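Residues per chain, in single letters:
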Amino acid sequence: MPELPEVEIVKRSLLRIANKAKIKDIKVLNTNLRYKISRKFCNQLINEKIIKISRRSKYIIFHFKEKFLLLHLGMTGKLLILRQKDNEIFKSSFYYDLNILTKHNHIYFFLNNGFVLIYNDVRRFGYFKYYFKKKLSEISFLKKLGPEPLGKKFNHKYFKNFIKGKKNIKSLLMDQTFVSGLGNIYVNEVLFVAKVNPLKLCCDLNDKNINQLIKNIKLVLKKSIINGGSTIKDFKNPSGKSGNFQQFFRVYGKKNRKCSRISCKGKINKILIKNRATFYCPECQT
DNA sequence: AAGAGGCCCTGATAGC
DNA sequence: TGCTATCAGGGCCTCT
């Protein structure tokens, strides 16, 4: 499931092949993503040049002249890159059976540089959203997101000002208005490394806890990006390559296994917090 | 009004 | 073997 590191990897791959390219044509095989893909959606993109590709939180942002396209990969969204083999002419009907290939390919973007970008999404939780704005900063939806976890704004002072007692720390880290880009897997891992119990209430966090959390959020994310993201189920970057970070998981998916801290005799526990699988060691995460 | 939980979806796996 | 039940989870939505 794509969290910040996975989305960052996808963005970097896209930069190499799609940046500055023009969208020649779009074929939609399945309009039923989280939000319906309309014919208008396609018309607004055809013949537009991709000026820039960036990432904010878990969103990939395609910059066009005075408009922006946001892509969220949901749970199983993938972008695949194909090189168009010959000069086959694609009819411009809205629905078009390309007779390909894999299941769950929903949208084909044909670029003028010979590449085809394929949006594939098994569970169809992903979505595209379109904004007519001159500047990215005018998109109010993005303003609601909390700071990037790897950015300077995400620091001790910010952390402390934000928390007001209320909820448990795990729910806070999952809250995208607090910090944007963390998902369930990385939150589990971060809490373990920082030795903080996921059920601990925010009002009970001390300065040391907060420092450990901030430090390890940045560390875990950076390490994952270096390792090409995590491959859970079937995350792949657009070239079809898997990531390697999952081999470094210390608690996620490790129910009943011995705690990986050598000095600790605890056993990994699994509970549900807000209906999300939560793995932690009751001995060393206090 | 903040926080908890349901829902969307499909494939893998467990259990009978 | 073949069926059903359960689980996975991001973010939006509803309910309390």
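As the structure is a computational prediction, the values presented were derived from the model and not from experiment.

Undergrad: Residue-level account of the confidence of the model for chain A, with values.
TA: A residue-level look at chain A finds 86% of positions with pLDDT of 70 or above and a mean pLDDT of 83. Taking the mean pLDDT of every element in chain A, the minimum, 80, falls on strand 5 (residues 77-83) and the maximum, 94, on strand 3 (residues 59-64). Scored below 50 in pLDDT, residues 86-101 shows 30 contacts in the model against residues more than four places distant or in partner chains.

Undergrad: So what's going on with the sheet that holds strand 8 (residues 127-131)? Which residues, and what values?
TA: Spatial ordering of the open sheet is given by 2-3-4-8, a layout of four strands whose pairing is antiparallel. Only two strands of the sheet have a single partner each, and these edge strands are strand 2 (52-56) and strand 8. The mean angle between the axes of side-by-side strands here comes to 25°, regardless of whether they run parallel or antiparallel. As paired strands, strand 3 and strand 4 (residues 67-72) are joined by six bridges and run antiparallel to one another.

Undergrad: Now, about helix 1 (residues 4-18): what can you tell me, with residues and values included?
TA: For helix 1, with 15 residues, the first-to-last C-alpha span of 20 Å sits near the 21 Å given by 1.5 Å per residue. In terms of burial, helix 1 is largely enclosed, as twelve of its 15 residues are buried. Within the span of helix 1, buried status applies to Leu4, Pro5, Glu6, Val7, Glu8, Ile9, Val10, Lys11, Ser13, Leu14, Ile17 and Ala18. Downstream of helix 1 by a residue or two, Lys20 has a phi angle that is positive, lying close to 75°.

Undergrad: Describe the protein's contact with DNA strand C, and please don't skip the residues or the numbers.
TA: DNA strand C sits among 17 residues. The nearest are His72, Phe125, Tyr252, Lys270 and Arg276. Among all atoms of DNA strand C positioned within 4 Å of the protein, those belonging to sugar or phosphate total 56%. A distance of 3.2 Å separates a phosphate oxygen of DNA strand C from a polar side-chain atom of Lys58. One nitrogen or oxygen atom from the side chain of Arg123 is found 2.9 Å from a base nitrogen belonging to DNA strand C. Class assignment of the residues belonging to the surface near DNA strand C gives a composition of nine nonpolar, three polar and five charged.

Conventions adopted
- Residues numbered from 1 in each chain as written.
- Chains lettered and ligands numbered in written order.
- Predicted model: local features only at pLDDT ≥ 70, side-chain atom pairs only at ≥ 80, totals over all residues.
- Heavy atoms only, no water.
- pLDDT = per-residue confidence, 0-100.
- Helix = DSSP H or I, 4+ residues; strand = E, 2+ residues; numbered from the N terminus.
- Contact = heavy atoms within 4.5 Å.
- Pairing = 2+ DSSP bridges.
- Axes fitted to C-alpha atoms, helices over the stretch in contact; angles between N-to-C directions.
- Expected span 1.5 Å × (residues − 1).
- Buried < 20%, exposed > 50% of the residue type's maximum accessible area, 1.4 Å probe, protein only.
- Near = heavy atom within 4 Å.
- Polar contact = N/O pair within 3.5 Å; in protein donor to acceptor, adjacent residues only side chain to side chain.
- Nonpolar A, V, L, I, M, F, W, Y, C, P; charged D, E, K, R; others polar.

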